[in-house]
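The lines below spell out each chain.
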Amino acid sequence: NGLVCVGNGKPSMGSLALSMPPIIRDGRPKSDGVPTSQLLGGSSEEDMILGHQISARLSKRIGWPIFVSCSFSGLGADSGGGGGDAGGQGGGMASLALSGGYDDSSQQHAAALAEREVSRIILQQKSLVKAN
């Protein structure tokens, strides 16, 4: 597996979560849950929860271990921070979310937008890895 970076610039690092894909036995997941650990905490509890949820969903969907660091709490604020990232850096997601008209009260929308784009990029990379 490679490192997939989304975004640009140097966003502030938020909390860091790691999710492992579920174990598949006889064509079915061994359990419904996805093992997820919070590796680093952050200043925002909402960022930690969002990172945990995004990491688990991406790992289940893609079948790879997924690291997610989130810093959505600064979206739209003068703090200058913000962007989600999975497996890399992500400042572009914040500006993309802000250009879509989202503000601080819409962090979940920005997180969903970032998750959808990261999922698309990782699935594209996964198909390239399988082709080689």
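Residues numbered from 1 in each chain as written. Predicted model: local features only at pLDDT ≥ 70, side-chain atom pairs only at ≥ 80, totals over all residues. Heavy atoms only, no water.

Asker: Could you give me a rundown of the packing of helix α1 (residues 45-62) against helix α3 (residues 107-131), with the residues and numbers involved?
Answerer: Between α1 and α3, the shortest axis-to-axis distance is 11 Å and the interhelical angle comes to 30°. When the axes of α1 and α3 are compared, the pair comes out roughly parallel. For the pair α1 and α3, the crossing hand works out as right-handed. Residue-level inspection shows Glu 46, Asp 47, Leu 50, Ile 54, Arg 57, Leu 58, Arg 61 and Ile 62 of α1 in contact with α3, the latter providing Gln 107, Gln 108, Ala 111, Glu 115, Val 118, Ser 119, Ile 122, Leu 123 and Lys 126. Here the residues of the contact of α1 with α3 sort into eight nonpolar, three polar and six charged. (Axes fitted to C-alpha atoms, helices over the stretch in contact; angles between N-to-C directions. Helix = DSSP H or I, 4+ residues; strand = E, 2+ residues; numbered from the N terminus. Parallel < 35°, antiparallel > 145°, perpendicular 65-115°, else oblique. Left-handed = near helix turned anticlockwise from the far one by under 90°. Contact = heavy atoms within 4.5 Å. Nonpolar A, V, L, I, M, F, W, Y, C, P; charged D, E, K, R; others polar.)

Asker: So what about the pairing of strand β5 (residues 66-71)? Which residues, and what values?
Answerer: Among the six residues that make up β5, five are buried, leaving the element largely enclosed by the rest of the structure. Inspection of the sheet shows strand β1 (residues 15-19) paired to β5 by five bridges, in the antiparallel sense. Each residue of the ladder has a partner; that of Ser 19, found in β5, is Ile 66. (Buried < 20%, exposed > 50% of the residue type's maximum accessible area, 1.4 Å probe, protein only. Pairing = 2+ DSSP bridges.)

Asker: Give me the environment of Met 13: which residues, what numbers.
Answerer: For Met 13, the position within the fold is in the segment before β1. Sequence-wise, Met 13 and Ser 69 are 56 residues apart; in three dimensions their C-alpha atoms are separated by 6.5 Å. Each residue touching Met 13, except ones within four places of it in the same chain, is listed here: Leu 40 and Ser 69.

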